[in-house]
Amino acid sequence: MPQVLHLTPQEIDTPEKRSKYLVTIVGCRHKGILYANMFADAGFNVVCTDADASIVKRAAKGKTAPPMPEAEAKLKSHINQEKINVTSELKKTISQSDIVIITLTAKIDEQKKNNYTELVNTCKHIGAALHSGTLVIYGGIASVGFTEGTIKEILENTSGLKAGQDFGLAYSPLIPTNTPTSTLELTVVAASDNLSLGAALVILKPLSGNVKEILGLKTAEIATLFTIAKQDALLALTNEFAVFCENANTDYFKVLDALNLNMPCSRPTLVGEECDGAYLLLEDAENLNIKLRLPPLARQINEDMVKHAVNLTQEALRSCDKTLRRSRVAILGSSPARDLFMKLIEQKGAKATIYDPLTKKETPEPANIKTSLNETVEGADCVIILGEPEQLSRLNLKKIKSLMKSPSVVVDLAGKFDPKQMEIEGFLYFGLGRGTDQK
């Protein structure tokens, strides 16, 4: 049996030793890129692959969707140093790999149901190319019993190999530790057999020294779903408080300062409609004939925040006798909810433009994405601050105001700016949780 399943920590205790092992990341999306960077940082030889040719093309250029500036910068560096290779040849790559990380999670359809089609088909392709001695780690978010049931069954049936004997099978998802939009980290590694668990621990320890080992896949799957549900509930409470403060003409952020609160989710956040794990837990509960009350309510509250942000934008424009219809809106920053927010304001007649400085001019992109900040905000009735990428910390507010239509409206959905400072700069300022006596 190849040595990867019997590695000792001493055998991979330096980047040079780790470079001998090929790690294939299946899925070049958000989690896949983060996983790839972690392995490349540790010195492993990494290949990213995806069934979607457009995603492969984007990743090969060092780009992610949604944009993650820090991850993209690191990805580009690793690609340039040949520490990460991106390819669409999944089967060929799997057949040469020592370690395979599957990062795909079930997709959420329009009915808020979990669609496993892509994940199942990908596992079939992986199994067909799998060789004895490979360690397979599922790094997505799993419903209860999914790893040991569906994934294990598909890999064994398509490969003719036995999990825990011929190849290793473990579970180690990237999950949020503070908020649903925070940096994702490895917190647990689990397997149903000691061989797989031991191998996964040795491989993952260089990536995260605090990873907790669990002998039992279901336990780890449930723990992960509970972690996500807890973060979703905390964020829902934060979002509810922020809306309360807006209506009470009080600044939510000043309330936090006054109470010196140290809440895990202290900043109101737009999370969009899709949240890995949230609907997996709800589906598992339904299958077990259990009616959960708090998790679905928290999910609904958080999803409704995008609509609330649209309403706040309408209110901001109305304050200077404008409407969303025919208004020019410039969106600065990125967020998982960006596309949904833009879709909703465009449905109300607004013309939206996105500032994305990482978009290469030679790459065909939608006309509403601009690489120039000046071009994005010129003639805008309203600027939306949607995220906190590095570029937003160096904004020339005087320049932006001179390019916008007057009166210049800013809607801060990220809690980026101080309201008084924005008013001094001459902007009409509105923000999530930023209730003021002037409203």
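Residues numbered from 1 in each chain as written. Predicted model: local features only at pLDDT ≥ 70, side-chain atom pairs only at ≥ 80, totals over all residues. Heavy atoms only, no water.

## Some details on the packing of aromatic side chains
For step 1, the next point in the chain: Taken as a whole and assessed by the stated rule, the structure comprises six aromatic pairs.
For step 2, the next point in the chain: Geometrically, the ring pair formed by Tyr 116 and Phe 146 is stacked, given 5.1 Å between the ring centres and 25° between the ring planes. Of this pair, Tyr 116 sits in the loop between strand 6 (114-115) and helix 6 (117-129) while Phe 146 sits in the loop between strand 7 (135-138) and helix 7 (147-159), and the two are 30 residues apart along the sequence. Accessibility classification places Tyr 116 together with Phe 146 in one group, the buried group.
For step 3, the next point in the chain: Ring geometry for Tyr 138 against Phe 146: centres 6.2 Å apart, planes inclined by 50°, an arrangement best described as tilted.
For step 4, the next point in the chain: Ring pairing ties together the aromatic residues Tyr 116, Tyr 138, Phe 146 and Tyr 171, which thus form one cluster. (Phe/Tyr/Trp six-rings, centres within 6.5 Å; stacked < 30°, edge-to-face > 60°. Helix = DSSP H or I, 4+ residues; strand = E, 2+ residues; numbered from the N terminus. Buried < 20%, exposed > 50% of the residue type's maximum accessible area, 1.4 Å probe, protein only.)

## Some words on the environment of Arg 58
For step 1, the next point in the chain: Locating Arg 58 in the fold gives a position in helix 3 (residues 53-60).
For step 2, the next point in the chain: Arg 58 sits in the partly exposed class, given a relative accessible area of 31%.
For step 3, the next point in the chain: Put simply, Arg 58 and Arg 29 are 29 residues apart on the chain and 9.6 Å apart in space, counted from C-alpha to C-alpha.

## Points about the sheet that holds strand 15 (residues 369-370)
For step 1, the next point in the chain: Across the sheet, which stays open at both edges, the six strands sit in the order 15-14-13-16-17-18 with parallel pairing between neighbours. In the strand order of this sheet, the two ends are held by strand 15 and strand 18 (428-431), each with one partner. (Pairing = 2+ DSSP bridges.)

## Notes on the pairing of strand 18
For step 1, the next point in the chain: Where strand 17 (residues 409-412) lies against strand 18, four bridges are found, and the strand directions are parallel. The residue of strand 18 that forms the bridge with Val 411 is Phe 430.
For step 2, the next point in the chain: At this point the chain moves from strand 17, through helix 16 (residues 419-424), to the parallel strand 18, and the crossover so formed is right-handed. (Right-handed = clockwise from strand over helix to strand, strands pointing away.)

## Quick word on the side chain of Asn 37
For step 1, the next point in the chain: When you line up the elements, Asn 37 lands in helix 2 (residues 30-42).
For step 2, the next point in the chain: With relative accessibility at 4%, the residue Asn 37 sits in the buried group.
For step 3, the next point in the chain: When sequence neighbours within four positions are dropped, the list of residues in contact with Asn 37 reads Ala 71, Lys 74, Leu 75, His 78 and Ile 84. (Contact = heavy atoms within 4.5 Å.)

## Quick word on helix 9 (residues 217-247)
For step 1, the next point in the chain: For helix 9, spanning 31 residues, the distance from its first C-alpha to its last is 46 Å, which sits close to the expected 45 Å at 1.5 Å a residue.
For step 2, the next point in the chain: Remark: Asn 249 follows helix 9 within two positions and exhibits a positive phi of approximately 55°. (Expected span 1.5 Å × (residues − 1).)

## Overview of the pattern of salt bridges
For step 1, the next point in the chain: Scanning all chains against the criterion turns up 15 salt bridges.
For step 2, the next point in the chain: Measuring nitrogen to oxygen at the nearest pair gives 3.3 Å for the salt bridge that ties Lys 107 to Glu 118. Here the residue Lys 107 occupies a position in strand 5 (residues 107-108), and Glu 118 occupies one in helix 6, the gap between them amounting to eleven residues.
For step 3, the next point in the chain: When its relative accessible area of 42% is taken as the criterion, Lys 107 is described as partly exposed.
For step 4, the next point in the chain: Its relative accessible area of 22% is what places Glu 118 among the partly exposed residues.
For step 5, the next point in the chain: Between Asp 339 and Arg 338 there is a salt bridge whose closest N-O contact spans 3.7 Å.
For step 6, the next point in the chain: Here the salt bridges share partners, and the residues they tie into one network are Arg 29, Asp 50, Lys 107 and Glu 118. (Salt bridge = Lys/Arg side-chain N within 4 Å of Asp/Glu carboxyl O.)

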